[in-house]
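Here's the letter readout for the chains.
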Amino acid sequence: MKSIKYNSEQLKCEIKIDYVVSEKYSNKDLQAFFFLDGQNAFFDDLATYGRSLRALSHLDKLRTNYIAIAIHSPNTDRDRLNMYSPFVIDTPYLNGFKNTPNICNKFISELKNVIIPSIDNKFHPKKKHLIGSSLGASLAIYINSTTKLFDTMCILSNSNFIFNDAMEKHLSNNKNCCEKLYIGVGKKEISDNIYSSEMYLTSFYEYQNYLSSINANFYAKINNLGEHNEASWEKHLRHYFKKVIAK
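What counts and what doesn't
- Residues numbered from 1 in each chain as written.
- Predicted model: local features only at pLDDT ≥ 70, side-chain atom pairs only at ≥ 80, totals over all residues.
- Heavy atoms only, no water.
- Helix = DSSP H or I, 4+ residues; strand = E, 2+ residues; numbered from the N terminus.
- Rg over C-alpha atoms; globule rule 2.2 N^0.38 Å.
- Contact = heavy atoms within 4.5 Å.
- Areas by Shrake-Rupley, 256 points an atom, 1.4 Å probe, with all protein chains shown as cover.
- Lys, Arg positive; Asp, Glu negative; His and termini not counted.
- Charge placed at Lys NZ, Arg CZ, Asp CG, Glu CD.
- Polar contact = N/O pair within 3.5 Å; in protein donor to acceptor, adjacent residues only side chain to side chain.
- Phe/Tyr/Trp six-rings, centres within 6.5 Å; stacked < 30°, edge-to-face > 60°.
- Expected span 1.5 Å × (residues − 1).
- Bend = angle between axes of the 7 residues up to and from the residue.
- Buried < 20%, exposed > 50% of the residue type's maximum accessible area, 1.4 Å probe, protein only.
- Axes fitted to C-alpha atoms, helices over the stretch in contact; angles between N-to-C directions.
- Parallel < 35°, antiparallel > 145°, perpendicular 65-115°, else oblique.
- Left-handed = near helix turned anticlockwise from the far one by under 90°.
- Pairing = 2+ DSSP bridges.
- 1 Å grid on protein atoms, 1.4 Å probe; cavity = no way out; pocket = protein on both sides within 12 Å on 5 of 7 lines; lining within 4 Å.
- Points joined across faces, edges and corners; volume = space filled by probe spheres on them.
- Nonpolar A, V, L, I, M, F, W, Y, C, P; charged D, E, K, R; others polar.

Trainee: Just to check I follow, could you spell out the overall build of the protein for this structure?
Mentor: A count of helices and strands for the protein gives seven helices and eight strands. Since a compact globule built from 247 residues should have a radius of gyration of about 18 Å, the 17 Å found for the protein is in line with a globular shape. A sequence separation of at least 24 residues applies to 68% of the contacts in the protein between residues at least 6 apart. Working note: accessible area of the protein is about 11,800 Å², and carbon and sulfur atoms make up 46% of it. Across the protein, the mean location of the 31 positive side-chain charges is 7 Å away from that of the 25 negative side-chain charges.

In structure tokens, the structure reads:
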């Protein structure tokens, strides 16, 4: 694994990115997988809560040329909320914290104009994919609706409910969609012991209905025992690789 750190002029903060290329790497038919909350993508000892997605073991089973790019989120919860929230957060659970959506827009610009071009110029991937969970999933939904940066997405346990109905209003006027998506959720999800699982299920169904309404190509899965953590998301990630990428 190689790591890059640089200071973003737009975001006025340090960006850290880890990346791994497949063992039998070549530029031929290379696929690039971008992970939001990248510290949780590869190895348990780097993960925020001691458990990662363990994505590399599943990527290796694909038997394809790949580069996996893990974009770390900021170190503090509030900085992550700012970077990953395209709308004003409307929830009583954050003790009056007010995020700044323009920071999220700057991060998307950084992704579009700095991070992705640097990968394109060096590795020339044939296809690009985005994986996000929780708030990262909501950011992925927004990116999917406003850009054509990625060919597929894996969207796990989106937390659109924290924006009240802002995401739904946005999606009603933005029908852009990538080639294929995987969306997943668990029936036993809570977050920080304050959100009920119904919130995640409701956000999942609302996005599923939206995708159906625009005739999107997607695969949806509910894990009856799934919780709001990387161990459960790893199972979804395995299905994503099988149902979306390997086909």
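Trainee: Looking at this model, I keep getting lost on the environment of T147. Mind explaining?
Mentor: With respect to the helices and strands, the residue T147 is situated in the loop between α4 (135-146) and β6 (152-156). For the pair formed by T147 and I108, sequence separation is 39 residues and the distance between their alpha carbons is 9.5 Å. A polar atom in the side chain of T147 sits 3.4 Å from the backbone nitrogen of L149.

Trainee: Got a minute to help me understand the packing of aromatic side chains in this structure?
Mentor: Pairs of aromatic rings are described using the distance from one ring centre to the other and the angle between the two planes. Tallied over the full model, the rule gives 14 aromatic pairs. In textbook terms, an aromatic cluster arises when at least three aromatic residues are bridged by ring pairs, as seen for F33, Y182, Y219, Y240 and F241.

Trainee: I tried to follow helix α3 (residues 101-123) on my own but got confused; where do I start?
Mentor: It helps to recall that an α-helix has 3.6 residues per turn; residues three or four apart then point in one direction. Here α3 contains 23 residues, and its C-alpha end-to-end distance of 31 Å stays within 8% of the 33 Å for a straight helix at 1.5 Å per residue. Of all the bends in α3, the greatest, near 40°, is centred on L111. Of the positions making up α3, those classed as buried are P101, C104, F107, I108, E110, L111, I115, I116, I119 and F123. H124 occupies a position one or two residues after α3 and carries a positive phi of about 55°.

Trainee: I'm lost on the packing of α3 against α4 in this one. Help?
Mentor: The axes of two packed helices give the description: the angle between them and the distance between them. Where α3 contacts α4, the axes come no closer than 12 Å and their chain directions differ by 65°. Classified by the angle their axes make, α3 and α4 are roughly perpendicular. When the axes of α3 and α4 are compared, the crossing they make is right-handed. In this structure, α3 uses C104, N105, F107, I108 and L111 to contact α4, whose residues at the interface are L139, Y142 and I143.

Trainee: Got a minute to help me understand the sheet that holds strand β3 (residues 31-35) in this structure?
Mentor: Strands in a sheet are paired, the pairing made by backbone hydrogen bonds, and the direction either parallel or antiparallel. Pairing is mixed across the open sheet formed by eight strands, whose spatial order is β1-β2-β4-β3-β5-β6-β7-β8. The open sheet has two free edges, formed respectively by β1 (2-8) and β8 (218-223), since each of these has just one partner strand. Pairwise comparison of adjacent strand axes, ignoring direction, gives a mean angle of 15° for this sheet. Pairing geometry for β3 and strand β5 (residues 127-133), over five bridges, is parallel. When the bridges of β5 are listed, F35 appears paired with I131. Its contacts with the sheet put α3 on β1, β2 (13-21), β3, β4 (66-71) and β5, and the angle it makes with β4 is roughly 150°. The strands touched by helix α7 (residues 230-245) are β3, β5, β6, β7 (180-186) and β8; relative to β7, the strand with the most contacts, the crossing angle is about 155°.

Trainee: Even after reading the chapter, I still don't get α4, so can you show me in this structure?
Mentor: In this model, α4 (twelve residues) spans 17 Å end to end at C-alpha, consistent with the 16 Å of a helix rising 1.5 Å per residue. For α4, the buried fraction is high: eleven of the twelve residues fall into the buried class. The complete set of buried residues in α4 reads L135, G136, A137, S138, L139, A140, I141, Y142, I143, N144 and S145.

Trainee: What is the right way to read empty space enclosed by the protein from this model?
Mentor: Sizing a probe to match a water molecule and rolling it over the atoms shows the empty space that remains. Scanning all chains against the criterion turns up one cavity of 30 Å³ or more. By volume, the largest cavity amounts to about 30 Å³. What lines the largest cavity is L36, D37, N40, L53, I131, G132, S133 and E230. Counting residues per element, the lining of the largest cavity draws most heavily on β5, at three residues. Of the residues belonging to the lining of the largest cavity, the class tally is three nonpolar, three polar and two charged.

Trainee: How should I be thinking about the layout of surface pockets in this particular structure?
Mentor: In this model, the second largest pocket occupies a volume close to 160 Å³. Taken together, I4, Y6, I17, Y19, V114, I115, S118, I119, K122 and F123 form the lining of the second largest pocket. Counting only elements with at least two residues in the lining of the second largest pocket, the list comes to β1, β2 and α3. Per element, the largest residue contribution to the lining of the second largest pocket is six residues, and it comes from α3. Of the residues assigned to the lining of the second largest pocket, the class counts are eight nonpolar, one polar and one charged.

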